[in-house]
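Here is how the chains run, residue by residue.
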Amino acid sequence: MPLVTLKDVLQPALSGHYAVAGLVTLGWEDMRAYVAAAEAENCPVILQAGPGCREHTPLPILGKMMRHLAERASVPVVAHLDHGYTFDECREALESGFTSLMFDGSRKPLQQNIDETAAIAEMAHAAGISCEGEIGFVGYSGGENSAGTDPAEAAKFAAETGVDAMAISVGNVHLQTDKDGGLDEPRIRAIEAITDIPLVIHGGSGVPTAQRTALARRSNVCKFNIGTELRMAFGAALRASVNSDTDRFDRVQILKDTHDPLGAATRTVLRAFMAKDN
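Since we're looking at a predicted model, the values are computed, not measured.

Visitor: Give a detailed account of the nonpolar core, specifying residues and quantitative values.
Guide: Counting residues in hydrophobic clusters, the biggest one holds 67 residues, and the most contacted among them are Phe 98, Leu 101, Met 166 and Ile 168. Every residue in contact with Phe 98, bar those within four places of it in the chain, is listed here: Ala 49, Leu 59, Leu 62, Gly 63, Met 66, Ala 79, His 80, Leu 81, Ala 93 and Ile 129.

In C-alpha cells form, the structure reads like this:
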C-alpha cells in the first residue's frame, strides 16, 4: 500500500468516530514494530520523526525507511515530520518523501505563528501532502510549562492557516511517564464549538487510557501522539535482552528481542483508539 497523507487518515477518523495513533519513532526497530502492530490490528498508523530522531538519523534516510515500510504494508502509513521548527526543515522533509509536515510555531506570537504555519501549509498542499500546526503551547514534564489553547485563537488559527489538523494544549504534557493527569474536556468542547478541524493531542502517553478512548469516539480529537510509553516498553525489552546474557555483543540479535514486546505494547495503544464496532 502506498504512503498516504495525514488528511487521508484523519478525515475518515473524524467522520467515523475513532482516532489514529501518531507513534514517535527513534529508528528502524520501532518503526518496523509499529507497522507490524498496525497490520495486526488492521488500522492506519502515523510514523513520526521528531527532533531527537532527526538528530540521530538524517531526514532523507528516515524518509526512505518509512516509504519502504509503507510500500510493503497492508494498512495506510503516514510519514510525518513531528515538531518541525523552520521552513527549511519542513521543506527538507517534503523533499525526503514525507507525506505530512507538523510545523511548531507554538512558542511564537499568535500572528507570527499563523503566518509561518500558513506558509508551510501552502508549500505542503502544493506538493499534495498534509500540514499540522499547533496553537497554545504543550509543555514538558520537568521542563517548560504549558500555555493552554484559547478557543477563539484556535478558531482564528484554523481559519487563517489552512492546516489539515490542529494540535492543542488542554492539559497534555510531553514526556509524561504516568497517566495520573487528564485532559481539560470543557476546553476541548469549547474549541470544537467554533471549529470542525481534526484535533491533535501531543503528549498522549500521559492521558488515561479510558479518556483516550472516550475522546476518540466522542470528540474531534482524532490523533493522539504516543512516544514516552512506547519508548519505555522498548527500553524495558532492550534491558531484559542485554541482561539475559552478558556475553552477547551482536546488537542485531539484541535488538531483535525488542520487536515482539514493543509490538504487543503498540497493539494495546492502538486498540484504545478504534471505533466501537471494531
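Visitor: For the pairing of strand 8 (residues 221-226), give the residues involved together with the corresponding values.
Guide: Burial within strand 8 is extensive, with 6 of its 6 residues counted as buried. Two strands pair when backbone bridges link them, and strand 1 (residues 20-25) and strand 8 are joined in this way by 4 bridges, in the parallel orientation. Its bridge partner being in strand 8, Ala 21 is matched across the sheet by Phe 224. Bridge count for strand 7 (residues 199-201) against strand 8 is 3 bridges, and the pairing is parallel. When the sheet's bridge partners are listed, Leu 199 is paired in strand 8 with Val 221. Once you follow strand 7 into helix 9 (residues 209-218) and on to strand 8, the crossover reads as right-handed.

Visitor: How would you summarise the pairing of strand 6 (residues 165-168) if you had to cite specific residues and measurements?
Guide: Because side chains alternate across strand 6, one face comprises the buried residues Ala 165 and Ala 167, and the other comprises Met 166 and Ile 168, equally buried. Sheet topology note: the strand 5 (residues 130-135)/strand 6 ladder contains 4 bridges and is parallel. Bridge pairing in strand 6 links Ile 135 to Ile 168.

Visitor: Give me the UniProt feature "binding site: Zn(2+) 2" (unreviewed entry) in the protein chain: which residues, what numbers.
Guide: The sites that carry the UniProt feature "binding site: Zn(2+) 2" (unreviewed entry) are, in the present numbering, Asp 104 and Glu 134. Sequence-wise these annotated residues cover 31 residues; spatially they are packed, their C-alpha atoms never more than 5.8 Å apart. Within the element layout of this structure, Asp 104 appears in the loop between strand 4 (100-103) and helix 6 (110-126). Excluding its chain neighbours within four sequence positions, the residues that come into contact with Asp 104 are His 83, Gly 84, Tyr 85 and Glu 134. A polar atom in the side chain of Asp 104 sits 2.8 Å from the side chain of His 83.

Visitor: Provide a residue-level description of the sheet that holds strand 8, including the pertinent values.
Guide: Strands sit in the order 1-2-3-4-5-6-7-8 around a closed barrel of 8 strands; the barrel is parallel. Pairwise comparison of adjacent strand axes, ignoring direction, gives a mean angle of 25° for this sheet. In terms of strand pairing, strand 6 meets strand 7 through 2 bridges, oriented parallel. Following the sheet pairing, Met 166 is matched in strand 7 by Leu 199. Lying on the sheet, helix 2 (residues 28-41) is in contact with strand 1, strand 2 (45-49) and strand 3 (77-84); it crosses strand 1 at an angle near 160°.

Visitor: Lay out helix 2 in plain terms, naming residues and giving numbers.
Guide: Counted at 1.5 Å a residue, the expected span for helix 2 with its 14 residues is 20 Å, and the 20 Å between its end C-alpha atoms agrees. Those residues of helix 2 lying buried are Asp 30, Met 31, Ala 33, Tyr 34, Val 35, Ala 37, Ala 38 and Glu 41. Those residues of helix 2 that are buried lie in contact with strand 1, strand 2, helix 4 (59-72), strand 3, helix 10 (228-244) and helix 12 (259-271).

Visitor: Tell me about the UniProt feature "active site" (unreviewed entry) in the protein chain, residues and numbers included.
Guide: The feature "active site" (unreviewed entry), as given by UniProt, occupies Asp 82 in the numbering adopted here. Tracing the chain through its elements places Asp 82 in strand 3. Classification of Asp 82 by relative accessible area gives buried; the value is 5%. Apart from residues no more than four positions distant in its own chain, Asp 82 is found in contact with Val 24, Gln 48, Ala 49, Gly 50, Pro 51, Arg 54, Met 102, His 202 and Asn 225.

Visitor: An account of the side chain of His 83 is requested, with residue identities and associated values reported.
Guide: Of note, His 83 is situated in strand 3. Here His 202 takes part through its side chain, which lies 3.1 Å from a polar atom of the side chain of His 83.

Visitor: I'd like to hear about the pattern of salt bridges, residue by residue, with values.
Guide: Across all of its chains, the model carries 12 salt bridges by this definition. Glu 41 is the salt-bridge partner of Arg 267, the closest N and O atoms lying 2.7 Å from each other. Of the two residues, Arg 267 sits in helix 12 while Glu 41 sits in helix 2, which places them 226 residues apart along the sequence. What makes Arg 267 partly exposed here is its relative accessible area of 29%. Classification of Glu 41 by relative accessible area gives buried; the value is 14%. Residues Arg 212 and Glu 229 are paired through a salt bridge, measuring 2.3 Å at the closest nitrogen-oxygen approach. In this pair, Arg 212 is assigned in helix 9 and Glu 229 in helix 10, connecting sequence segments 17 residues apart.

Criteria and thresholds
Residues numbered from 1 in each chain as written. Predicted model: local features only at pLDDT ≥ 70, side-chain atom pairs only at ≥ 80, totals over all residues. Heavy atoms only, no water. Core = buried A, V, L, I, M, F, W, Y, C linked by side-chain atoms within 4.5 Å. Buried < 20%, exposed > 50% of the residue type's maximum accessible area, 1.4 Å probe, protein only. Contact = heavy atoms within 4.5 Å. Helix = DSSP H or I, 4+ residues; strand = E, 2+ residues; numbered from the N terminus. Pairing = 2+ DSSP bridges. Right-handed = clockwise from strand over helix to strand, strands pointing away. UniProt positions renumbered as here; feature names shortened; annotations may be inferred. Polar contact = N/O pair within 3.5 Å; in protein donor to acceptor, adjacent residues only side chain to side chain. Axes fitted to C-alpha atoms, helices over the stretch in contact; angles between N-to-C directions. Expected span 1.5 Å × (residues − 1). Salt bridge = Lys/Arg side-chain N within 4 Å of Asp/Glu carboxyl O.

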